[in-house]
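# Chain and residue survey
Each chain is listed here by its residues.
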2 protein chains.
Amino acid sequence: MSLTKLSEPEITARLDVLPEWSQPGEEIQRTYRFADFVGAMAFVDRIADEAERVQHHPDILIRYSRVTLSLSTHDAGGITEKDFEFAHAADRMATASGCK
Amino acid sequence: MSLTKLSEPEITARLDVLPEWSQPGEEIQRTYRFADFVGAMAFVDRIADEAERVQHHPDILIRYSRVTLSLSTHDAGGITEKDFEFAHAADRMATASGCK
(Lines give C-alpha, C1' and ligand atoms only; values in the text may rest on other atoms or scores of the structure.)
Protein backbone atom coordinates (compact mmCIF):
# COMPACT_ATOMS: atom_id res chain seq x y z
CA MET A 1 0.00 0.00 0.00
CA SER A 2 1.30 3.45 -0.89
CA LEU A 3 2.70 5.57 1.92
CA THR A 4 2.99 8.65 -0.26
CA LYS A 5 1.45 11.74 1.29
CA LEU A 6 -1.65 12.72 -0.68
CA SER A 7 -2.09 16.18 -2.18
CA GLU A 8 -4.99 18.41 -1.15
CA PRO A 9 -6.95 17.69 -4.37
CA GLU A 10 -6.42 13.96 -3.83
CA ILE A 11 -7.66 14.28 -0.24
CA THR A 12 -10.69 16.33 -1.28
CA ALA A 13 -11.65 13.76 -3.92
CA ARG A 14 -11.46 10.95 -1.37
CA LEU A 15 -13.44 12.89 1.26
CA ASP A 16 -16.22 13.42 -1.30
CA VAL A 17 -17.18 9.76 -0.92
CA LEU A 18 -16.81 9.88 2.90
CA PRO A 19 -19.25 12.67 3.81
CA GLU A 20 -19.08 11.98 7.56
CA TRP A 21 -15.32 12.53 7.62
CA SER A 22 -13.59 15.89 7.89
CA GLN A 23 -10.01 17.09 7.72
CA PRO A 24 -9.36 19.28 10.78
CA GLY A 25 -5.62 19.44 10.06
CA GLU A 26 -3.02 16.90 9.03
CA GLU A 27 -5.46 14.08 9.67
CA ILE A 28 -8.95 12.88 8.75
CA GLN A 29 -11.53 12.54 11.49
CA ARG A 30 -14.99 11.20 12.18
CA THR A 31 -17.13 10.93 15.31
CA TYR A 32 -19.49 7.95 15.59
CA ARG A 33 -22.46 7.80 17.97
CA PHE A 34 -23.70 4.59 19.57
CA ALA A 35 -26.58 3.74 21.90
CA ASP A 36 -24.38 3.81 25.00
CA PHE A 37 -20.87 3.28 26.36
CA VAL A 38 -21.05 -0.49 25.91
CA GLY A 39 -21.94 -0.03 22.24
CA ALA A 40 -19.10 2.44 21.82
CA MET A 41 -16.60 0.03 23.39
CA ALA A 42 -17.75 -2.85 21.19
CA PHE A 43 -16.89 -0.68 18.20
CA VAL A 44 -13.54 0.34 19.71
CA ASP A 45 -12.60 -3.30 20.21
CA ARG A 46 -13.34 -4.02 16.54
CA ILE A 47 -11.29 -0.98 15.54
CA ALA A 48 -8.41 -2.16 17.74
CA ASP A 49 -8.42 -5.60 16.13
CA GLU A 50 -8.40 -4.07 12.64
CA ALA A 51 -5.64 -1.62 13.64
CA GLU A 52 -3.43 -4.48 14.73
CA ARG A 53 -4.29 -6.55 11.66
CA VAL A 54 -3.26 -3.82 9.22
CA GLN A 55 -0.70 -2.22 11.57
CA HIS A 56 -2.25 1.20 11.24
CA HIS A 57 -3.49 2.75 14.47
CA PRO A 58 -5.92 5.64 14.61
CA ASP A 59 -6.12 7.94 17.60
CA ILE A 60 -9.29 6.90 19.40
CA LEU A 61 -11.24 9.19 21.72
CA ILE A 62 -14.13 7.65 23.67
CA ARG A 63 -16.62 10.00 25.31
CA TYR A 64 -19.37 7.78 26.73
CA SER A 65 -21.40 6.81 23.64
CA ARG A 66 -19.26 8.73 21.13
CA VAL A 67 -16.06 7.57 19.49
CA THR A 68 -13.84 9.88 17.47
CA LEU A 69 -11.23 8.39 15.16
CA SER A 70 -8.35 10.52 13.86
CA LEU A 71 -6.20 9.09 11.10
CA SER A 72 -2.87 10.15 9.69
CA THR A 73 0.28 8.35 8.57
CA HIS A 74 3.21 9.37 10.75
CA ASP A 75 5.81 7.77 8.46
CA ALA A 76 4.59 9.89 5.54
CA GLY A 77 4.06 13.08 7.54
CA GLY A 78 0.47 13.45 6.42
CA ILE A 79 -2.60 11.73 5.04
CA THR A 80 -2.14 8.71 2.77
CA GLU A 81 -4.21 6.09 0.99
CA LYS A 82 -3.78 3.92 4.08
CA ASP A 83 -5.83 6.40 6.13
CA PHE A 84 -8.68 6.31 3.64
CA GLU A 85 -8.63 2.52 3.48
CA PHE A 86 -8.91 2.45 7.26
CA ALA A 87 -11.70 5.05 7.20
CA HIS A 88 -13.78 2.90 4.85
CA ALA A 89 -13.15 -0.18 6.99
CA ALA A 90 -14.13 1.76 10.13
CA ASP A 91 -17.38 2.89 8.54
CA ARG A 92 -18.25 -0.70 7.69
CA MET A 93 -17.46 -1.79 11.26
CA ALA A 94 -19.52 1.08 12.68
CA THR A 95 -22.59 -0.03 10.76
CA ALA A 96 -22.06 -3.58 12.02
CA SER A 97 -21.69 -2.21 15.58
CA GLY A 98 -24.99 -0.32 15.56
CA CYS A 99 -23.72 3.17 14.87
CA LYS A 100 -26.61 5.64 14.91
CA MET B 1 -20.87 8.32 47.17
CA SER B 2 -20.96 12.09 47.32
CA LEU B 3 -21.67 13.98 44.12
CA THR B 4 -20.85 17.35 45.67
CA LYS B 5 -18.42 19.37 43.60
CA LEU B 6 -15.12 19.64 45.45
CA SER B 7 -13.51 22.99 46.28
CA GLU B 8 -10.08 23.89 44.94
CA PRO B 9 -8.34 23.19 48.29
CA GLU B 10 -10.10 19.82 48.46
CA ILE B 11 -8.95 19.00 44.91
CA THR B 12 -5.38 20.09 45.65
CA ALA B 13 -5.24 17.91 48.76
CA ARG B 14 -6.43 14.89 46.79
CA LEU B 15 -4.01 15.53 43.91
CA ASP B 16 -1.14 15.57 46.42
CA VAL B 17 -1.46 11.81 46.78
CA LEU B 18 -1.87 11.30 42.99
CA PRO B 19 1.33 12.90 41.66
CA GLU B 20 0.81 11.60 38.10
CA TRP B 21 -2.55 13.34 37.81
CA SER B 22 -3.08 16.96 36.83
CA GLN B 23 -6.05 19.30 36.65
CA PRO B 24 -6.04 20.95 33.21
CA GLY B 25 -9.50 22.47 33.75
CA GLU B 26 -12.76 21.19 35.19
CA GLU B 27 -11.40 17.65 35.17
CA ILE B 28 -8.49 15.56 36.41
CA GLN B 29 -6.25 13.86 33.89
CA ARG B 30 -3.44 11.34 33.57
CA THR B 31 -1.61 9.78 30.62
CA TYR B 32 -0.40 6.19 31.00
CA ARG B 33 2.27 4.61 28.80
CA PHE B 34 2.32 0.93 27.88
CA ALA B 35 4.69 -1.25 25.85
CA ASP B 36 2.53 -1.06 22.73
CA PHE B 37 -1.00 -0.66 21.38
CA VAL B 38 -2.08 -4.10 22.55
CA GLY B 39 -0.94 -3.26 26.09
CA ALA B 40 -2.80 0.03 25.94
CA MET B 41 -6.01 -1.66 24.77
CA ALA B 42 -5.81 -4.28 27.52
CA PHE B 43 -5.80 -1.41 30.02
CA VAL B 44 -8.67 0.35 28.22
CA ASP B 45 -10.78 -2.81 28.39
CA ARG B 46 -10.20 -3.00 32.15
CA ILE B 47 -11.09 0.67 32.49
CA ALA B 48 -14.26 0.11 30.47
CA ASP B 49 -15.34 -2.76 32.71
CA GLU B 50 -14.74 -0.67 35.83
CA ALA B 51 -16.56 2.32 34.30
CA GLU B 52 -19.64 0.20 33.70
CA ARG B 53 -19.40 -1.41 37.14
CA VAL B 54 -19.40 1.92 38.98
CA GLN B 55 -21.35 3.78 36.27
CA HIS B 56 -18.75 6.51 35.98
CA HIS B 57 -17.18 6.91 32.56
CA PRO B 58 -13.93 8.76 31.96
CA ASP B 59 -13.08 10.23 28.59
CA ILE B 60 -10.49 7.88 27.13
CA LEU B 61 -7.96 8.89 24.49
CA ILE B 62 -5.83 6.14 22.95
CA ARG B 63 -2.74 7.18 20.99
CA TYR B 64 -0.94 3.95 20.10
CA SER B 65 0.75 2.97 23.39
CA ARG B 66 -0.54 5.92 25.41
CA VAL B 67 -3.89 6.22 27.15
CA THR B 68 -5.16 9.49 28.60
CA LEU B 69 -8.03 9.42 31.08
CA SER B 70 -10.00 12.58 31.85
CA LEU B 71 -12.41 12.52 34.75
CA SER B 72 -15.16 14.87 35.81
CA THR B 73 -18.67 14.48 37.15
CA HIS B 74 -21.18 15.96 34.72
CA ASP B 75 -24.09 15.79 37.19
CA ALA B 76 -22.13 17.90 39.69
CA GLY B 77 -20.65 20.29 37.13
CA GLY B 78 -17.10 19.66 38.27
CA ILE B 79 -14.74 17.33 40.06
CA THR B 80 -16.09 15.12 42.85
CA GLU B 81 -14.95 12.36 45.16
CA LYS B 82 -16.18 9.90 42.53
CA ASP B 83 -13.49 11.12 40.13
CA PHE B 84 -10.75 10.57 42.67
CA GLU B 85 -12.05 7.12 43.55
CA PHE B 86 -11.92 6.23 39.86
CA ALA B 87 -8.43 7.72 39.53
CA HIS B 88 -7.12 5.49 42.32
CA ALA B 89 -8.80 2.45 40.79
CA ALA B 90 -7.33 3.31 37.36
CA ASP B 91 -3.83 3.59 38.82
CA ARG B 92 -4.19 0.14 40.38
CA MET B 93 -5.40 -1.29 37.06
CA ALA B 94 -2.56 0.40 35.18
CA THR B 95 0.01 -1.27 37.39
CA ALA B 96 -1.69 -4.62 36.82
CA SER B 97 -1.69 -3.93 33.06
CA GLY B 98 2.04 -3.26 32.81
CA CYS B 99 2.03 0.53 32.77
CA LYS B 100 5.57 1.84 32.37
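Residues numbered from 1 in each chain as written. Chains lettered and ligands numbered in written order. Predicted model: local features only at pLDDT ≥ 70, side-chain atom pairs only at ≥ 80, totals over all residues. Heavy atoms only, no water.

Rotating chain A by 180° and translating it 0.0 Å along the rotation axis places it on chain B, where the RMSD comes to 0.0 Å. The relationship between the two copies is best expressed as a two-fold rotation axis. Ranked by how close their C-alpha atoms come to the rotation axis, the residues of chain A are headed by Leu61 of chain A, at 2.1 Å. An overlap of 100% is found between the interface residues of chain A and their copies at the interface of chain B, pointing to a shared contact surface. (Least-squares fit on C-alpha atoms with pLDDT ≥ 70 in both. Contact = heavy atoms within 4.5 Å.)

When pLDDT is averaged along chain A, the result is 95, and 98% of the positions lie at 70 or above. Across the predicted assembly, pTM comes out at 0.96 and ipTM at 0.95. (pLDDT = per-residue confidence, 0-100.)

What follows covers the layout of surface pockets. Volume-wise, the largest pocket comes out at about 340 Å³. Lining the largest pocket are 16 residues; nearest its centre among them are His56, His57, Ser72, Thr73 and His74 of chain B. Quantified by volume, the second largest pocket comes out at close to 210 Å³. Lining the second largest pocket, in full, are Leu3, Gln55, His56, His57, Asp59, Ser72, Thr73, His74, Asp75 and Lys82 of chain A together with Arg63 and Tyr64 of chain B. By residue class, the composition of the lining of the second largest pocket is two nonpolar, six polar and four charged. (1 Å grid on protein atoms, 1.4 Å probe; cavity = no way out; pocket = protein on both sides within 12 Å on 5 of 7 lines; lining within 4 Å. Points joined across faces, edges and corners; volume = space filled by probe spheres on them. Nonpolar A, V, L, I, M, F, W, Y, C, P; charged D, E, K, R; others polar.)

Attention now goes to the interface of chain A and chain B. Across the boundary between the two partners, chain A contributes 16 residues, which contact 16 residues of chain B. Between chain A and chain B, the buried area comes to about 1,400 Å², and carbon and sulfur atoms account for 66% of it. Our count for the chain A to chain B interface comes out at two salt bridges. Elements supplying a minimum of two residues to the side of chain A that touches chain B: α2 (37-54) and β3 (59-63) of chain A. (Buried area = accessible area lost by both parts, 1.4 Å probe. Salt bridge = Lys/Arg side-chain N within 4 Å of Asp/Glu carboxyl O. Helix = DSSP H or I, 4+ residues; strand = E, 2+ residues; numbered from the N terminus.)

Attention shifts here to the pattern of salt bridges. Using the criterion set out here, one finds 10 salt bridges over all chains in the structure. Taking the shortest distance from any N to any O, the salt bridge between Glu26 of chain A and Lys5 of chain A comes out at 3.9 Å. Taken together, the residues Glu26 of chain A in the loop between β1 (22-25) and β2 (27-33) and Lys5 of chain A in the segment before α1 (8-15) connect sequence positions 21 residues apart. The shortest N-O distance in the salt bridge between Arg63 of chain B and Asp59 of chain A comes to 3.2 Å.

This part is about the pairing of strand β4 (residues 66-71) of chain A. Residues and elements named next belong to chain A. Among the six residues in β4, five count as buried, and that is most of the element. Relative to β4, β2 runs antiparallel, the two sharing six bridges. Its bridge partner lying in β4, Ile28 is registered against Leu71. Here β3 pairs with β4 via five bridges, running antiparallel. (Buried < 20%, exposed > 50% of the residue type's maximum accessible area, 1.4 Å probe, protein only. Pairing = 2+ DSSP bridges.)

Here we come to the nonpolar core. Among the nonpolar cores identified, the biggest contains 58 residues, and Trp21 of chain A together with Trp21 of chain B are the most heavily contacted of them. Other than its neighbours up to four places away in sequence, Trp21 of chain A contacts Leu15, Ile28, Gln29, Arg30, Tyr32, Leu69, Leu71, Ala87, Ala90 and Asp91 of chain A. (Core = buried A, V, L, I, M, F, W, Y, C linked by side-chain atoms within 4.5 Å.)

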